[in-house]
Amino acid sequence: QVQLVESGGGLVQPWGSLRLSCVASKNTFVINAMGWYRQAPGKQRELVARITSTGSTNYADSVKGRFTISRDNAKNRVYLQMDSLEPEDTAVYYCNAELFITTMSRSYTYWGQGTQVTVSS
């Protein structure tokens, strides 16, 4: 069973920075894409940033120019560098992975357990 483990959340002041990290356990898969979603209280979960196996990225308009997604395929990791954080960025951030499971010859989508990011003075 593939597991996604996130780290790096916490409390930060406005205009501060945080770096989230997510690692996919085991290696019986090929990464199609990995990304980050977030869900604020009372709101739907939304895409923050996504990166494909070829390095193509897309971002939510609200984070363009402030957040940067990157990956380390050899370590099965994806990162989200968040700069110039705003109170509106407060949410639970979830790692997402679209993986082709080689032993089953099909693709699945996996989610991490979530990590809280709070932006407040």
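As a reminder, the structure under discussion sits directly above these lines.
> Just checking my understanding: could you explain the nonpolar core for this structure?
One recurring pattern in soluble globular proteins: nonpolar side chains tend to sit buried together. Counting 32 residues, the largest nonpolar core has Trp36, Leu80, Met82 and Tyr93 as the members making the most contacts within it. Residue assignment for this core shows that the elements contributing at least two residues are β3 (18-24), β4 (29-39), β5 (46-52), β7 (67-72), β8 (77-82), β9 (91-101) and β11 (115-119). Top contributing element to this core by residue count: β9, with six residues.

> How should I be thinking about the state of the cysteines in this particular structure?
What makes a disulfide is a covalent bond joining the sulfur atoms belonging to two cysteines. All chains considered together, the criterion is met by one disulfide. Here Cys22 pairs with Cys95 through a disulfide, and the sulfurs are 2.1 Å apart. Here Cys22 and Cys95 share a disulfide; its torsion about the S-S bond, -85°, makes the bridge left-handed. Remark: Cys95 occurs in strand β9 and Cys22 occurs in strand β3; sequence separation between them is 73 residues. Each member of the pair, Cys22 as well as Cys95, carries the same accessibility label: buried.

> Hey, could you run me through the pattern of salt bridges in this one?
For side chains of opposite charge, pairing can occur when their charged atoms come near one another. This structure, assessed with the given rule, holds six salt bridges. Linking Glu98 and Arg50 is a salt bridge whose minimum nitrogen-to-oxygen distance equals 3.0 Å. Of this pair, Glu98 sits in strand β9 while Arg50 sits in strand β5, placing them 48 residues apart in sequence. Look at the salt bridges and you will find they share partners, linking Arg38, Glu46, Arg66, Glu86 and Asp89 into a network.

> Help me out: how do you make sense of the sheet that holds β8 in this one?
Backbone-to-backbone hydrogen bonds join strands into a sheet, with any given pair of strands oriented parallel or antiparallel. Spatial ordering of the open sheet is given by β1-β3-β8-β7, a layout of four strands whose pairing is antiparallel. A single partner strand is all that each edge strand has here, and the edge strands are β1 (4-7) and β7. Strand-to-strand twist in this sheet, taken as the mean axis angle between neighbours without regard to direction, amounts to 15°. Looking at chain direction, β3 and β8 are connected through six bridges and run antiparallel. Within the sheet, the bridge partner assigned to Cys22 lies in β8 and is Val78.

Procedures and definitions
Residues numbered from 1 in each chain as written. Predicted model: local features only at pLDDT ≥ 70, side-chain atom pairs only at ≥ 80, totals over all residues. Heavy atoms only, no water. Core = buried A, V, L, I, M, F, W, Y, C linked by side-chain atoms within 4.5 Å. Buried < 20%, exposed > 50% of the residue type's maximum accessible area, 1.4 Å probe, protein only. Helix = DSSP H or I, 4+ residues; strand = E, 2+ residues; numbered from the N terminus. Disulfide = S-S within 2.5 Å. Salt bridge = Lys/Arg side-chain N within 4 Å of Asp/Glu carboxyl O. Pairing = 2+ DSSP bridges. Axes fitted to C-alpha atoms, helices over the stretch in contact; angles between N-to-C directions.

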